Amino acid sequence: MTHAIEAMDLVKKYGQVTALDGLSFTVPAGTVFGLLGPNGAGKSTTIRILTTLSTPTSGTATVAGIDVLGHPNEVRRAIGVVTQASGTDPQATGRENLLLVAQIHGMRGRAAKSRVDELLALFGLTDAANRLAKQYSGGMQRKLDVAMGLVHRPSVLFLDEPTTGLDPQARSEMWAEIARLARHERLTILLTTHYLEEADHLADHLVIVDRGRLVAQGSPEELKSELRGDAVVIDLSPDASVDAARTAIEGMAGTREITVSGRSIRTRVDHGASAVPAALAALERSSVPVAAVTVARPALDDVYLRYTGRTFASADAAQEKVEAAR
Ligand SMILES: Nc1ncnc2c1ncn2[C@@H]1O[C@H](COP(=O)(O)OP(=O)(O)OP(=O)(O)O)[C@@H](O)[C@H]1O
């Protein structure tokens, strides 16, 4: 299979900060690829290098078969980039925004108009085409942003945190849109996200990056199936002692990777169905009241914990503290 993206041993240092620490991965052509990691993991830095906006301290990369360091202009013609900051002109209509991008890419007259009409239809924006972008909802603006990244028919599309800031409904519409694009436009899509369920839902393959290093890679299913057993989540009653509950669960045979998040304790066990009565009995013996217990297949959260020793949410929160202290 040909690779749409190859990143080889990328290192990026900003003074004392090592943002990328020897990151390598390949993205098969025509797939949705998730670059996943908490805040500060190095996702934006990777995208900046692959889209020629930044150069690595060492290492190399190709995009659409083109060397990003040797031929940045050719790479730019082959890619579409949709960043977290909107590139739309709020005072122009959706159609005008798209026509402007078409002109920047040297498209004129009927060719420009027909590509713009095609994209408006593809993103369900035809009825809103003549409204000002500032009047669009957050979800519509994000669709317009993605459409603007596709005007020149790139073969590789970079989507940096495509659903951050969207409400749940707009987020699920965006997910459907991205899945449809990948199927119908024969695009390779590299998506960064710090929503684990987004990567689980959309990505054919993904890499989990932590502190500038690759910690796991595979399809979401492969990564989850590497983890034996079930995840058991115990929600404690408001008056329960979380410490007593944790001690009780730690004392049970066969529990591993126990994490506490608020009043919820998560652990992995070989057989969820038989672990639940044992967990309830252990908590009862320790006089810990329980609100609910759920058994589930391991999620990407469990994969992340397994490879990094931290929960995804705690890594995110820790990085926010580091950045605030700088
Ligand atoms: N221009 C810069 N100067 C100094 N440090 C930087 C710079 N850009 C990024 N960093 C640091 O490099 C590390 C990786 O940052 P990066 O933005 O790539 O992470 P990220 O995974 O994209 O996170 P986020 O989801 O918050 O965007 C962080 O520690 C960040 O503070």
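Residues numbered from 1 in each chain as written. Predicted model: local features only at pLDDT ≥ 70, side-chain atom pairs only at ≥ 80, totals over all residues. Heavy atoms only, no water.

If you check an unreviewed UniProt entry, the chain appears there as ABC-2 type transport system ATP-binding protein from Actinophytocola oryzae. According to UniProt, the comment filed for the chain under the heading Subcellular location (unreviewed entry) is "Cell membrane". Recorded under Sequence similarities (unreviewed entry), the UniProt text for the chain is reproduced unchanged: "Belongs to the ABC transporter superfamily. Drug exporter-1 (DrugE1) (TC 3.A.1.105) family." (UniProt positions renumbered as here; feature names shortened; annotations may be inferred.)

### Concerning the overall build of the chain
Check the secondary structure of the chain and you find twelve helices and 14 strands. Along the longest, intermediate and shortest principal axes, the C-alpha atoms of the chain span 75 × 45 × 40 Å. By the burial criterion, 49% of the 326 residues in the chain qualify as buried. Carbon together with sulfur atoms contributes 50% to the accessible area of the chain, which is approximately 15300 Å² in total. (Helix = DSSP H or I, 4+ residues; strand = E, 2+ residues; numbered from the N terminus. Buried < 20%, exposed > 50% of the residue type's maximum accessible area, 1.4 Å probe, protein only. Areas by Shrake-Rupley, 256 points an atom, 1.4 Å probe, with all protein chains shown as cover.)

### Here's the deal with the pairing of strand S12 (residues 256–261)
Direction of pairing for S12 relative to strand S13 (residues 264–269): antiparallel, over a ladder of four bridges. Its bridge partner being in S13, arginine 256 is matched across the sheet by arginine 268. (Pairing = 2+ DSSP bridges.)

### A closer look at the packing of helix H5 (residues 138–150) against helix H6 (residues 168–184)
Between two packed helices, the angle of one axis relative to the other and the distance separating the axes together describe the packing. Here H5 crosses H6 at 20°, and the two axes come no closer than 10 Å. Compared by their axis directions, H5 and H6 come out roughly parallel. Judged by the twist between their axes, the crossing of H5 over H6 is right-handed. Of the residues in H6, those touching H5 at Gly139, Arg142, Lys143, Val146 and Leu150 are Ala170, Glu173, Met174, Glu177 and Leu181. Across the contact of H5 with H6, the residue classes tally to five nonpolar, one polar and four charged. (Axes fitted to C-alpha atoms, helices over the stretch in contact; angles between N-to-C directions. Parallel < 35°, antiparallel > 145°, perpendicular 65-115°, else oblique. Left-handed = near helix turned anticlockwise from the far one by under 90°. Contact = heavy atoms within 4.5 Å. Nonpolar A, V, L, I, M, F, W, Y, C, P; charged D, E, K, R; others polar.)

### What to know about H5
A rise of 1.5 Å per residue sets the reference length of H5, with its 13 residues, at 18 Å; its end C-alpha atoms lie 19 Å apart and thus fit the reference within 8%. Of all the 13 residues making up H5, ten are buried; the element is thus mostly covered by neighbouring parts of the structure. If you check which residues of H5 are buried, you get Gly139, Arg142, Lys143, Leu144, Asp145, Val146, Ala147, Met148, Gly149 and Leu150. (Expected span 1.5 Å × (residues − 1).)

### What to know about helix H4 (residues 109–122)
Because an α-helix packs 3.6 residues into every turn, residues spaced three or four apart end up facing the same way. Helix length check: H4 (14 residues) gives 20 Å between terminal C-alpha atoms against 20 Å at 1.5 Å per residue, within 8%. For H4, every residue scored as buried is listed here: Ala112, Arg115, Val116, Leu119 and Leu120. Along the long axis of H4, the arc covered by the buried residues comes to 135°, so they all point the same way. In this structure, the buried side of H4 is in contact with helix H3 (94–104) and H5. (Arc of directions from axis to C-beta.)

### A short note on the domain arrangement of the chain
Each assigned domain of the chain is listed here: domain 1 (3–223) and domain 2 (225–325). One C-alpha centre belongs to domain 1, the other to domain 2, and the line joining them spans 34 Å. Contact with domain 1, which involves 19 residues of that partner, is made by 16 residues of domain 2. Buried surface at the junction of domain 1 and domain 2, both sides included, amounts to about 1500 Å², of which 61% is carbon and sulfur. For the domain 1 face of the interface with domain 2, the top three residues by lost area are Asn39, Leu196 and Leu223, together amounting to 38%. In this assembly, domain 1 and domain 2 are joined by zero salt bridges. If you look at where domain 1 meets domain 2, you find three residue pairs in polar contact (both at pLDDT 80 or more). Going through the elements one at a time, helix H7 (196–202), strand S9 (205–210), strand S10 (213–218) and helix H8 (220–225) are the ones with two or more residues in the side of domain 1 that touches domain 2. (Domains from an automatic or database assignment. Buried area = accessible area lost by both parts, 1.4 Å probe. Salt bridge = Lys/Arg side-chain N within 4 Å of Asp/Glu carboxyl O. Polar contact = N/O pair within 3.5 Å; in protein donor to acceptor, adjacent residues only side chain to side chain.)

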